[in-house]
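Structural description and commentary
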Amino acid sequence: MAERDGGGTGSAPPAAGGGKMSLHRCETCSKEEAKYRCPRCMKYSCSLLCVKKHKLALSCNGVRDKTAFVSVNEFTDLNLLSDYRFLEDVGRTADAAARHCIVHSPATKRLLQCLRNKARGCNIELKTLPVGFTKRRENSTTFNSTENKFYWHLKLVFPHCHAEYTLKRVPDDKTLTDILKPYIDPVESDPVVCQRLKIYTASPQSDVQILMKIENRSRNSVRYNELDASRSLLDNLKGKVIIEYPTLFVVLKTLKNDMVVLGKDGSEPVENSDSESSSISSVEEGEIRDSS
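The model shown is predicted, which means the values in this text are computed figures rather than measured ones. (Residues numbered from 1 in each chain as written. Predicted model: local features only at pLDDT ≥ 70, side-chain atom pairs only at ≥ 80, totals over all residues. Heavy atoms only, no water.)

**Some words on the pairing of strand β6 (residues 149–158)**
Basically, it comes down to this: Exposure classes here rest on a 1.4 Å probe applied to the protein chains alone. A residue is buried below 20% of its type maximum, exposed above 50%, and partly exposed in between. What counts as a helix is a DSSP run of H or I of at least four residues, what counts as a strand is a run of E of at least two, and both are numbered from the N terminus. We treat two strands as partners when DSSP finds at least two bridges between them.
The buried count for β6 comes to 10 of 10 residues, which makes it a mostly enclosed element. Burial of β6 is two-sided: the residues K149, Y151, H153, K155 and V157 facing one way and the residues F150, W152, L154, L156 and F158 facing the other way are all buried. As paired elements, strand β5 (residues 142–144) and β6 share three bridges and run antiparallel to each other. From the neighbouring strand, F143 faces β6, where its bridge partner is F150. The hairpin turn running from β5 into β6, its antiparallel successor, is four residues long, and N148 in that turn takes a positive phi close to 55 degrees. Relative to strand β7 (residues 163–171), β6 runs antiparallel, the two sharing seven bridges. Residue pairing in the sheet places F158 in a bridge with A163 of β7. Linking two consecutive strands that pair antiparallel, namely β6 and β7, is a turn of four residues; a positive phi of about 50 degrees is found at H162 within it. When β6 meets strand β11 (residues 247–252), the two strands line up parallel, connected through three bridges. Bridge pairing in β11 links V157 to F249.

Encoded structure:
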């Protein structure tokens, strides 16, 4: 959602001939004067059409990032109020989690400890969140001791279509190619999903790139690992840090995005070594929440 540009307050734009509006043109079409400004990436747009185009081109969800860095010189009373409300929300969430009876349940603690230990045995560092957090409530990951196999809760994000799907009980020996077939395979995908993700189904499989966010990095240094679609989910998760459950980003190499992908040896790509983090990861908090 974009805000009307009147000094960032949501007021109507000033009259033509004087004021701030005449200083900015639409950054999408570069033809008309700007009427809107995206709360997330701060890009100027002149119409709803250009707003939608900029979201698609930049993989921007238009949701203001409450934790985005603001320099001291740009810090205003509105930023202070926003931070105060954000901390209040965090405090309420933490308090609710602390009061939840399940958090003190020995059975729950044993189950989570078992999951972490089994993951550690597979060279996966699995981290769990306190009760009350959304990802903790959503997570349906289990470990089958008889089969000695994980059944993962998995989230698939398709940034170019602003779509997201949740999968449950995905066996860890299933390849990523097989996991994605119901979504982007031109023959095997569900017709409704196929239409929604037509930009993917119409592209060659060689253009599909599967990425996973690297955890434990600062917000201004977000990086991604590229996964091997021909290998199993377990093989791809080995050596990774997982917070609750894996989230996979499916992108197309031929379409522009700002996601910085590290090399197989963990090195920074030369052309992107100084670039800042992508806003595409915010789709996790975005406006479209489809579940299968």
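**Observations regarding the packing of aromatic side chains**
The relative placement of two aromatic rings is captured by the distance of their centres and the angle of their planes. Selection criterion: Two aromatic rings from Phe, Tyr or Trp, using only the six-membered ring of Trp, form a pair when their centres are within 6.5 Å; if the ring planes differ by under 30 degrees the pair is stacked, by over 60 it is edge-to-face, and anything between is tilted. Here, over-ring charges are defined by two tests on the NZ atom of lysine or the CZ atom of arginine: distance to the ring centre within 6 Å, and angle to the ring normal within 35 degrees.
This structure, assessed with the given rule, holds seven aromatic pairs. On the basis of an interplanar angle of 75 degrees and a centroid distance of 6.0 Å, the ring pair of F158 and Y165 is categorised as edge-to-face. Across the pair, Y165 and F158 agree in class, each one buried. Pairing Y165 with Y183 gives two aromatic rings, centres 5.2 Å apart and planes at 50 degrees, and the pair type is tilted. Note that Y165 is positioned in strand β7 and Y183 in helix α5 (residues 176–184), a separation of 18 residues in sequence. As far as the burial class goes, Y165 and Y183 line up, both buried. In textbook terms, an aromatic cluster arises when at least three aromatic residues are bridged by ring pairs, as seen for F158, Y165, Y183 and Y200. When the ring centre of Y245 is taken as origin, the NZ or CZ atom of K135, which lies over that ring, is 4.8 Å away.

**As for the UniProt feature "domain: HIT-type" (unreviewed entry) in the chain**
Quick reminder of the rule: UniProt positions are given in the numbering used here, feature names are shortened, and annotations may be inferred rather than shown by experiment.
According to UniProt, the "domain: HIT-type" (unreviewed entry) feature falls on residues 26–60. Split by type, residues 26–60 is 31% helix and 11% strand. Its first and last C-alpha atoms lie 16 Å apart.

**Focus on the side chain of K155**
Operational definition: Any pair of nitrogen or oxygen atoms within 3.5 Å is treated as a polar contact; in protein, a donor-acceptor pairing is required on top of that, and neighbouring residues in sequence qualify only through side-chain atoms on both sides.
Within the fold, K155 resides in strand β6. Residue classification places K155 among the buried positions, given a relative accessible area of 6%. A polar contact is formed between the side chain of K155 and the side chain of E138, at a distance of 3.4 Å. A distance of 3.2 Å separates the side chain of K155 from the side chain of Y245, its partner in a polar contact.

**Looking at the pattern of salt bridges**
Between side chains of opposite charge, pairing is possible as soon as their charged atoms come close. For the record, the criterion: What makes a salt bridge here is a side-chain nitrogen of Lys or Arg within 4 Å of a carboxyl oxygen of Asp or Glu, nothing more.
Inspection of every chain in the model, using the stated rule, returns 13 salt bridges. Of the charged contacts in the structure, one is a salt bridge between E27 and K43, with a shortest N-O distance of 3.7 Å. With a gap of 16 residues between them, E27 in the loop between β1 (3–4) and β2 (36–37) and K43 in the loop between β2 and β3 (44–45) connect regions that are remote in the sequence. Linking K155 and E164 is a salt bridge whose minimum nitrogen-to-oxygen distance equals 3.5 Å.

**Here we look at unusual backbone geometry**
Positive phi, normally seen in glycine, also occurs at H162, with a value near 50 degrees. By secondary structure assignment, the location of H162 is in the loop between β6 and β7. Backbone geometry at E244 places phi at a positive 70 degrees, although glycine is not the residue there. With respect to the element layout, E244 can be found in the loop between β10 (241–243) and β11. Residue E244 is classed as buried on the basis of its relative accessible area of 0%.

**A look at helix α3 (residues 106–121)**
Working note: α-helix, 3.6 residues per turn, so residues spaced by three or four point in the same direction. Counted only if it meets this: Here, expected helix span is obtained from the residue count minus one, scaled by 1.5 Å. Taking the helix axis as origin, the arc is that swept by the directions to the C-beta atoms.
Given a rise of 1.5 Å per residue, 16 residues ought to cover 22 Å, and the 22 Å separating the end C-alpha atoms of α3 matches this to within 8%. Along α3, the residues that are buried comprise L112, L115 and A119. Along the axis of α3, the buried positions cluster into a sector of 55 degrees, meaning they face one direction only. Opposite the buried face of α3, by more than 90 degrees, sit the exposed residues P106, R110, R120 and G121.

**Considering the nonpolar core**
Cut-off, in case you're wondering: What is meant by a nonpolar core is a set of buried Ala, Val, Leu, Ile, Met, Phe, Trp, Tyr and Cys residues, joined one to another through side-chain atoms within 4.5 Å.
In this structure, L156, F158, Y183 and L197 are the most contacted members of the largest nonpolar core, which totals 35 residues. In this structure, L211, V222, Y224 and M259 belong to the second largest nonpolar core, which totals eight residues.

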